[in-house]
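So the chains spell out like this:
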Amino acid sequence: MNLYIRYFDKETLVFNADEAVQFLASIPEIGMNPQIESDVREYVASDVYYPKRYKVRPRVYFIIIKTEASTMLDFKQKKALRNNGGNPAQERKETAPVVTRLNEERQGWYEGTLDFKRVVLVPVTGKHEYRDTHFVARCKALSGLDCYNRIVEHLRDRVDSRSQFPSAKGKSFKFKYLGMWK
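Every value quoted in this text rests on a predicted model; they were computed, and no experiment measured them.

What follows concerns the packing of aromatic side chains. All told, the structure shown has eight aromatic pairs when counted by the stated rule. Measuring from centroid to centroid gives 6.1 Å for Tyr 110 and Phe 175, while their planes differ by 55 degrees, and the two rings are tilted. Taken together, the positions of Tyr 110 in strand 5 (residues 108-122) and Phe 175 in strand 7 (residues 173-179) put the pair 65 residues apart, joining distant regions of the chain. Given a relative accessible area of 2%, Tyr 110 falls into the buried group. Residue classification places Phe 175 among the partly exposed residues on the basis of a relative accessible area of 26%. The rings of Tyr 110, Tyr 148, Phe 173, Phe 175 and Tyr 177 are connected pair by pair, giving a single aromatic cluster. Directly above the aromatic system of Tyr 54 lies the positively charged group of Lys 52, at a separation of 5.6 Å from the ring centroid. A cation over an aromatic ring shows up here: Lys 66 above the ring of Tyr 43, its NZ or CZ 4.9 Å from the ring centre.

What follows is the structure, given as structure tokens:
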């Protein structure tokens, strides 16, 4: 794993934590100290792949990015993007937009999970409040979106009309195709 480091117009591609620390120490504005050094070494040793930003002073940072690139040109041309171990089905699943999967028509049984804000009466105070509610249902549907619509239609008749339902495209709705109906 290599490291791309940038501080304003100073940038480099290094191959280990020692080279990274050496590059950062060569920039006087950063003020290299044991804490920054240990943070850099800890980031390099971790399994974390997202970029790491280090604060030098208010609104001034340097950035470190883990990469598979062996040269600066490869990094700039994004030739060394990290893959998921070569599993094309997994890559396709992750890159498929939620809307595409929602609208994909497959008749059959679906299991839909919906987290929504339900309005309930608090008997002690006589007032209403929102409560997070988790609802799971199995239904016959034509697509993930149809499953969502059937669940929301079912709930609208059974809960207070002020209850709030999330979008089908959000993280609060999940669905799973269970199989074809008979």
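A word on helix 1 (residues 17-25). All of the buried residues in helix 1 are Ala 17, Ala 20, Val 21, Phe 23 and Leu 24. Taken around the axis of helix 1, the buried residues stretch over an arc of 160 degrees, which confines them to a single face. The elements touched by buried residues of helix 1 are strand 1 (2-7), strand 2 (10-14), helix 2 (34-45) and strand 4 (60-67). Capping of helix 1 at its N-terminal end is provided by Asn 16; its side-chain oxygen lies 3.1 Å from the backbone amide nitrogen of Asp 18.

Rules used in this analysis
Residues numbered from 1 in each chain as written. Predicted model: local features only at pLDDT ≥ 70, side-chain atom pairs only at ≥ 80, totals over all residues. Heavy atoms only, no water. Phe/Tyr/Trp six-rings, centres within 6.5 Å; stacked < 30°, edge-to-face > 60°. Helix = DSSP H or I, 4+ residues; strand = E, 2+ residues; numbered from the N terminus. Buried < 20%, exposed > 50% of the residue type's maximum accessible area, 1.4 Å probe, protein only. Lys NZ or Arg CZ within 6 Å of the ring centre and 35° of its normal. Arc of directions from axis to C-beta. Contact = heavy atoms within 4.5 Å. Polar contact = N/O pair within 3.5 Å; in protein donor to acceptor, adjacent residues only side chain to side chain.

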